[in-house]
Amino acid sequence: MYETNYTRAKDVSDAAKQLRAADDGKYISGGMTLLPTMKQRLAAPSDLIDLTYIKGMGDIKVSRKEVTIGANATHAEVATNAKLMKVCPSLCELASHIGDPHVRNRGTIGGSIANNDPAADYPSAMLALGATIVTNKRKIKADKFFTDLFETALAEDEFVKAVSFTAPKKGAYAKFPSPASRYAMAGVFVADHGGTKAKRDIRVGVTGASSGGVYRAKDMEKALAKSFSVDALNGCKVDANDMLSDIHGSSAYRANLVMVMAKRAVAAAS
Amino acid sequence: MGKQGIGAPVLRKEDKRFLTGKGKYTDDMKIAGMHYAAFVRSPHAHAKIKKINIKAASKMPGVAAVLDGKQLTGDGIGNIICGWMVHSKDGSPMNMGAWSAMATEYVRYVGDAVAMVVAETQEQAVAAAEAVDVDYKVLPAVVSAVDALKKGAPQLHPEAKNNLIFDWEIGEEAATDAAFKKAANIVEIDIRNNRLVANPMEPRSALVQYDAAEDHYTLHTTSQNPHVARLLLSAFYQVAPEHKLRVIAPDVGGGFGTKIYVYPEEIACLWAAKRAGVEAIKWTSTRSEAFLTDAHGRDHVSTAKMAFDKNNKILGMKVDTIANLGAYMSLFSSATPTYLYATLLSGQYNIPNVHANVRTVYTNTVPVDAYRGAGRPEATYIMERMMTTAARQLGVDPAELRRKNFITSFPHQTPVIMCYDAGDFGVSLDAAMKASDYANFEKRRKSSKRKGKLRGIGMSCYIEACGIAPSAAVGSLGAGVGLWESAEVRVNPVGTVEILTGSHSHGQGHETTFAQLVSDRFGLPAENIQVVHGDTDKVQFGMGTYGSRSGAVGMSAIEKALDKVEVKAKKIAAHVLEASEGDIEIKDGEVMVKGTDKKLLWHEVCLAAYMAHNLPEGMEPGLKEGAFYDPANFTFPAGCYICEVEVDPDTGVTTIEQFVAADDFGKIINPMIVEGQVHGGLAQGIGQALLENVVYDDEGQLISASYMDYTMPRADDLPNFKISTTETLTPSNPLGIKGCGEAGAIGSPPAVINAITDAIGNNDLTMPASPQNVWAAIQAAE
């Protein structure tokens, strides 16, 4: 690891101030991606500004169906929050399968979505839940937040404060983990937000598979809006040309996995 | 006997320190004035070194020296050698290319060391190594052994034309061909044995202490055989004379073969300590360096044919193998794909004619050498996939085809050197079939089918050659060393015992099992017995631990030394008790005259030996005996493994529903430790079958260079194993021990693959049977 300066931000405005003052500063939360990258000397930020000591930024608030999860909430906290479990168990389930116990007790939801690793789990949930990403500057719809592999709409000195969403009527996440890393090779989050009979609001977020990063499977959403059933997906196609390919999964295999996981998510949500 | 003697499941003495974090590993050691080394490594798989610019690096803080390969060879440091001479079938010796500890002109794999920095801190060393500017002319690279043999392939070493190291054969080709002509059926398979990284938990490490006044070196290192390391470092690599070099392999966290060899870093650090004028240098591999530089295992491509008569009796076996040895010839790299491999191509079967041809090849990859099983897993994988494939093609039950061809009388001379001394293959097969409820498998297949899953069952009847090895025999086959073992038993005046052994424990539990021998012999409690190993200053000489040899060979040496101690102790007791030597019996810590109440306590005899006030006429004082043991033959552990899997056809995911291992290891000293060895071996074998795979891209970059991409077996990949053992003693050593360290890794891969191919109805499946590969095989079959 190259030498770096480490500071703990006192509050939201202090964090942004510190970053602007640094030569090449980086916000750090759980550090589950950034620290290994630095240890391998593949990243060399001049300053690390730690967001995890900002008071109140890790709270999980549930009011009826309205959910707000502070950016500093760890995966373990999301996985085990009793109130969240009542209104949106699918997100708890998703969090409970991220990494291993060490990762789940260090890694945060804010860090995960800000990093937007194409194989991370949370981004698919944010899309499917129609979440709003609350930053230190503004509110961004999830649909506009994830822009490309490891890219988000966040400006240089901007960071995620919280995510908020309305809990869906039902939802489920099905993940096929990479045998080696156990990151998602295909993870599909299906959420049924109700809506009118004529226009049912179904959202499907897909992670791990696409060469463009996390995306909404609009044809699946349409098909499920007509009939929320496993069979409804049979008419849908996942184009292998859009998929990632690596030593663990060819694009054809990943395309297959997206369909299988979508069906399993629908079955679990039904 | 007693509670801590032979056959007792004594808890491991060493686990207290391991489980409480108190083990002392090389990287734990600190010495005043200690510097750190970092290596500059080639980012290219094949390149010519045009220039090394060390100016910037030399000026960086804390840097004591920046050294390169030309300086190293210029100081007379010798090239790294392969210690086993194998001749091609035309009689020519193997074509060994030069390998210096740091490259001088060419780099031949990604990770090849080019230069080293010695600095006051590890951070400084790493930073300065990064600042060393190497100008390369990149050359075309080749990573597959098959491609390396092709016309026009990039050439690695001037010594090895067409990258061919040797073209070797075993068995009678003409007789085998003649047998094939008479065949009623011939079965043919193409087999790839995947390439693996050993991944011991502790990465390699070396700590050199140089005493300038005495011109003496002490090397702490992660070695499975510190004496062999010292011999190589002094006699071949010329870093220090043998009497001026002490090598200590303290606690070592797993080896699996990969820590047998002396590596470039140890040589370079020894040389650099004196050259840089520092008191001590430490280097510890990062996990990334371990992937890039630890010797890899396996990597064979083979075609095999088996001929059957009309009664399904085997007439002959023919195998053609290309083995990838990587960029340089590692220490045992020539023996692994030849004498440790093709000599087992008769398996458990009576095969009158066997012929195998092996070509070994240089490629721009990490050197390949022995990894848990070493050659024997490669042979077993071919034999046992062949037997199951043949059973399917001949339309007979795989168990019955095997049983029909089992060797049933011993000794049995195979056509490929080995003479099996003892065994009972049918007993293991019966035990495994019973434990797996083989008879009712089809019912279970149906119930899986109802859930939408594909169920399959597969077996493997393995045999291996262990207890490596009779010195004269391996000498005649080209080995550069003898493979005996030594031991010394020191009985202290108070009756406690120290066993000094040339074996080295890096996880095997020797400190417990070796003590059990003494406990068994004299009835002493295990806590009164200390096992000393891994230090060339303490143990006179030894050959180390690999090839499942520590029980069969190492303990046999201890047994011989104990014989001598017992004889002397009895003589002393007979003298003191005024009895006949033949009437003395040692039992439960007492030395007694049989049939009388006359006795001495064990420690009274020991004390008498050292007081020397009343010893038999002419007897030397003391109670300390040594022995060397050279085995009469290899030993032949064998057994039957049955694996039952369920495959998810939608994703290709395989789950192991049941795994049965019925092994015959001969005499078992500690059944709990043996069970642990089987578990570990199975985990590695199943890891090879389902998960692990080294992948290089076409430019020679290692793609699977971290745990993000190299799939290690985890607990949830494995079932609870059903394990049983039988004890058919080997007549080849005094205890009847065959060895158990490698069986799991040798026998399990074909059982797993036979089960999956049974489930999916497609025999064309390559290891690892990853979800993607299994899914693709299912798609191909549809």
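Refer to the structure printed above.
(A) Broad picture of the overall build of chain B. On a plain count of helices and strands, chain B comes out with 20 helices and 28 strands. Taken over C-alpha atoms, the radius of gyration comes to 27 Å for chain B, in line with the 28 Å a tight globule of 782 residues would show. On the principal axes, the C-alpha backbone points of chain B span a range of 85 × 70 × 55 Å. Looking at chain B residue by residue over its 782 residues, the buried ones come to 57%.

(B) Structural view of the overall build of chain A. Counting secondary structure elements, chain A contains 11 helices and 14 strands. Scaling as 2.2 N^0.38, a compact globule of 270 residues should have a C-alpha radius of gyration of about 18 Å, and chain A matches this with 18 Å. Summarising its shape, the C-alpha atoms of chain A cover approximately 55 × 45 × 30 Å along the three principal directions. Sorting the 270 residues of chain A into buried and exposed places 49% on the buried side. Considering only contacts in chain A between residues 6 or more positions apart, those separated by 24 or more positions represent 60%.

(C) Local environment of the pairing of strand β6 (residues 132–135) of chain A. Residue and element names in this part refer to chain A. Only one face of β6 is buried: it carries Ile133 and Thr135, and the other face, with Thr132 and Val134, is open. The antiparallel pairing of β6 with strand β7 (residues 139–141) creates a hairpin that spans three residues between the two strands. Pairing of β6 with strand β10 (residues 160–166), which is carried by four bridges, proceeds in the antiparallel orientation. Bridge assignment links threonine 135 to a residue of β10, and that residue is valine 160.

(D) Quick peek at the packing of helix α10 (residues 376–394) of chain B against helix α11 (residues 398–405) of chain B. All names here are of chain B. Axis separation between α10 and α11 bottoms out at 8 Å; the angle between their running directions is 110°. As far as their axial angle goes, α11 and α10 are roughly perpendicular. When the axes of α10 and α11 are compared, the crossing they make is right-handed. Contacts between α10 and α11 involve Met387, Thr388, Ala390, Ala391 and Leu394 from the former and Pro398, Leu401 and Arg402 from the latter. For the contact of α10 with α11, the class distribution of residues is six nonpolar, one polar and one charged.

(E) Spotlight on the sheet that holds strand β3 (residues 47–50) of chain A. Residue and element names in this part refer to chain A. Strands sit in the order β1-β3-β2 across an open sheet of three strands; the sheet is parallel. A strand with exactly one partner marks an edge of an open sheet, and here the two such strands are β1 (5–8) and β2 (25–28). Between one strand axis and the next, the sheet turns by 25° as a mean value, whatever way the strands run. As defined by bridge partners, β2 adjoins β3 across four bridges and the pair is classed as parallel. Counterpart to tyrosine 27 in the pairing with β3 is isoleucine 49. Packed onto the sheet, helix α1 (residues 12–21) meets β1, β2 and β3 and runs at close to 150° relative to β2.

(F) Summary view of the interface of chain A and chain B. Listed as interface residues are 12 residues of chain A and, on the opposing side, 15 residues of chain B. When residues in the side of chain A that touches chain B are grouped by element, the largest group, four residues, is from helix α11 (residues 251–269) of chain A. A class-by-class count of the residues in the side of chain A that touches chain B yields seven nonpolar, five polar and no charged.

(G) Fine view of α11(B). The set of residues buried in α11(B) consists of B:Pro398, B:Ala399, B:Leu401, B:Arg402 and B:Asn405. Buried residues in α11(B), looked at end-on, bunch into an arc of 165°, giving them a common side.

(H) Seen up close, the sheet that holds strand β24 (residues 599–601) of chain B. Residue and element names in this part refer to chain B. Here three strands make up an open sheet; going across it, the order is β22-β23-β24 and the pairing antiparallel. In this open sheet, the two edge strands, each paired with only one partner strand, are β22 (584–587) and β24. Mean inter-strand twist for the sheet, computed between neighbouring axes without regard to direction, equals 20°. Bridging between strand β23 (residues 590–593) and β24 involves three bridges; their strand directions are antiparallel. Bridge assignment links methionine 592 to a residue of β24, and that residue is lysine 599.

(I) A look at the environment of B:Ser409. All names here are of chain B. If you trace the backbone, serine 409 turns up in the loop between α11 and β16 (412–413). Of the residues examined, serine 409 has 7 C-beta atoms within 10 Å and is grouped as exposed. A sequence separation of 140 residues divides serine 409 from cysteine 269, and the C-alpha atoms of the two residues are 53 Å apart.

(J) Region of interest: the environment of A:Ala15. Residues and elements named next belong to chain A. Assignment of secondary structure puts alanine 15 in helix α1. Accessibility expressed as a C-beta count within 10 Å gives 25 for alanine 15, which makes it buried. Through-space distance from the C-alpha of alanine 15 to that of glutamate 158 is 9.4 Å; in sequence the pair is 143 residues apart. The residues contacting alanine 15, other than those within four sequence positions of it, are Ala9, Tyr27, Ile49, Leu51, Ile54 and Phe159.

(K) Here's a closer look at helix α5 (residues 89–96) of chain A. Residues of α5(A) that are buried include every one of A:Ser90, A:Leu91, A:Cys92, A:Leu94 and A:Ala95, and no others. As for α5(A), its buried residues are in contact with α3 (75–80), α4 (82–87), α8 (122–128) and β11 (170–177) of chain A.

(L) Focus on the nonpolar core. By size, the foremost hydrophobic cluster in this structure holds 336 residues, and its most contacted members are A:Ala262, B:Ala37, B:Met116, B:Val117, B:Val118 and B:Ala272. Setting aside anything within four residues of it in sequence, one finds B:Val118 in contact with B:His35, B:Ala37, B:Ala64, B:Ala65, B:Ala125, B:Ala272, B:Ala276, B:Val278 and B:Ile281.

Criteria and thresholds
- Residues numbered from 1 in each chain as written.
- Chains lettered and ligands numbered in written order.
- Predicted model: local features only at pLDDT ≥ 70, side-chain atom pairs only at ≥ 80, totals over all residues.
- Helix = DSSP H or I, 4+ residues; strand = E, 2+ residues; numbered from the N terminus.
- Rg over C-alpha atoms; globule rule 2.2 N^0.38 Å.
- Buried ≥ 20, exposed ≤ 12 C-beta atoms within 10 Å, placed from the backbone.
- Contact = placed C-beta atoms within 7 Å.
- Pairing = 2+ DSSP bridges.
- Axes fitted to C-alpha atoms, helices over the stretch in contact; angles between N-to-C directions.
- Parallel < 35°, antiparallel > 145°, perpendicular 65-115°, else oblique.
- Left-handed = near helix turned anticlockwise from the far one by under 90°.
- Nonpolar A, V, L, I, M, F, W, Y, C, P; charged D, E, K, R; others polar.
- Arc of directions from axis to C-beta.
- Core = buried A, V, L, I, M, F, W, Y, C linked by C-beta atoms within 7 Å.

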